[in-house]
Structure formats: structure tokens, C-alpha cells
Amino acid sequence: MDAFITVLNDELRDRLHELWERTGNAPLLRIASGESFSGEAGAAPIDALSAQERSDWIGTAVMNAFKDTGDSQVFALLHHLCEPSFRATILCKLRRNVTRLDVQDVLQEVFLNIYRYPHRFVAERADSFRNWG
């Protein structure tokens, strides 16, 4: 999965802040405020990271918030943010194989599994969600 979030714009910051207010999930507030996911001293602010690292941390933070809260609006944001990248990855993989699989069916199955099994997600690195998803 390639970077799906290139800029932490005002709209995304506002959405993350709203979700923090809704769920109380501290990493969402840290990301919305431009801090690192972990909040550790000396960690690079989110805007100082490369596009891939920023995308990774935001995706991991949102997935972790869904895991912790089960909130449907957090899942909706996760879907909104990563659907284009997942779709591109699926298309790429399907092109390599002669198959009759429908991209939309595979994408639906991916999100269904993310929704069903959030407890299996472990947010230990920036790219945790990218690799897990």
C-alpha cells in the first residue's frame, strides 16, 4: 500500500479532533495537533515526516483508535482515508494474475475483515497498519 495521506490538511485535522472529542483517544488528538503518534519527547512532528511516514502514522493511529473504541465514525474515516490506496494495490495484484475477481468484492472483503478483527491489530511501528491491512 502506497501513501494514502499526503497532507495533514485542516479538514483532516478537524475530523481527527472531532473523533478525539467523541472517543477520547489521545493519539488522534496528538496527530490532529501535529505531534507524533506516540507523544514521546523528541519524536518528529507529523508534518516533518515524509509522505509515506505521515501516511503510515495517521493510518496506524486511526486503526488503533478503531481497535480501542469500536467507533463507527472512526472506521468511516479509516475507510475514507485508505480505500483509494487499497483499491490501487488490489488492482495491481489482480493484473498480475489471470483472475475473474472483482476489485470491489475484494475491497469489501478487506474492509469487512478490518471491521471484524481489529483486536488482532498491533500498533507498534508507523507502518503497522500498512503491513497489517
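Described below are features of the structure shown in this document.

### What to know about the packing of helix H4 (residues 72-96) against helix H5 (residues 103-116)
Look at H4 against H5: their axes get within 9 Å of each other, and the N-to-C directions meet at 135°. When the axes of H4 and H5 are compared, the pair comes out oblique. When the axes of H4 and H5 are compared, the crossing they make is right-handed. On H5, the residues that touch Phe 75, Leu 78, His 79, Cys 82, Glu 83, Phe 86, Arg 87, Ile 90, Leu 91 and Leu 94 of H4 are Val 103, Gln 104, Val 106, Leu 107, Val 110, Phe 111, Ile 114 and Tyr 115. Broken down by class, the residue content of the contact of H4 with H5 amounts to 14 nonpolar, two polar and two charged.

### Section: the nonpolar core
One broad rule of soluble globular proteins: the nonpolar side chains tend to lie buried together. Counting 31 residues, the largest nonpolar core has Leu 16, Ile 31, Ile 58, Val 62, Ile 114 and Phe 129 as the members making the most contacts within it. When contributions to this core are tallied by element, the ones reaching two or more residues are helix H1 (10-23), helix H2 (26-32), helix H3 (51-69), H4 and H5.

About the cut-offs
- Residues numbered from 1 in each chain as written.
- Predicted model: local features only at pLDDT ≥ 70, side-chain atom pairs only at ≥ 80, totals over all residues.
- Heavy atoms only, no water.
- Axes fitted to C-alpha atoms, helices over the stretch in contact; angles between N-to-C directions.
- Helix = DSSP H or I, 4+ residues; strand = E, 2+ residues; numbered from the N terminus.
- Parallel < 35°, antiparallel > 145°, perpendicular 65-115°, else oblique.
- Left-handed = near helix turned anticlockwise from the far one by under 90°.
- Contact = heavy atoms within 4.5 Å.
- Nonpolar A, V, L, I, M, F, W, Y, C, P; charged D, E, K, R; others polar.
- Core = buried A, V, L, I, M, F, W, Y, C linked by side-chain atoms within 4.5 Å.
- Buried < 20%, exposed > 50% of the residue type's maximum accessible area, 1.4 Å probe, protein only.

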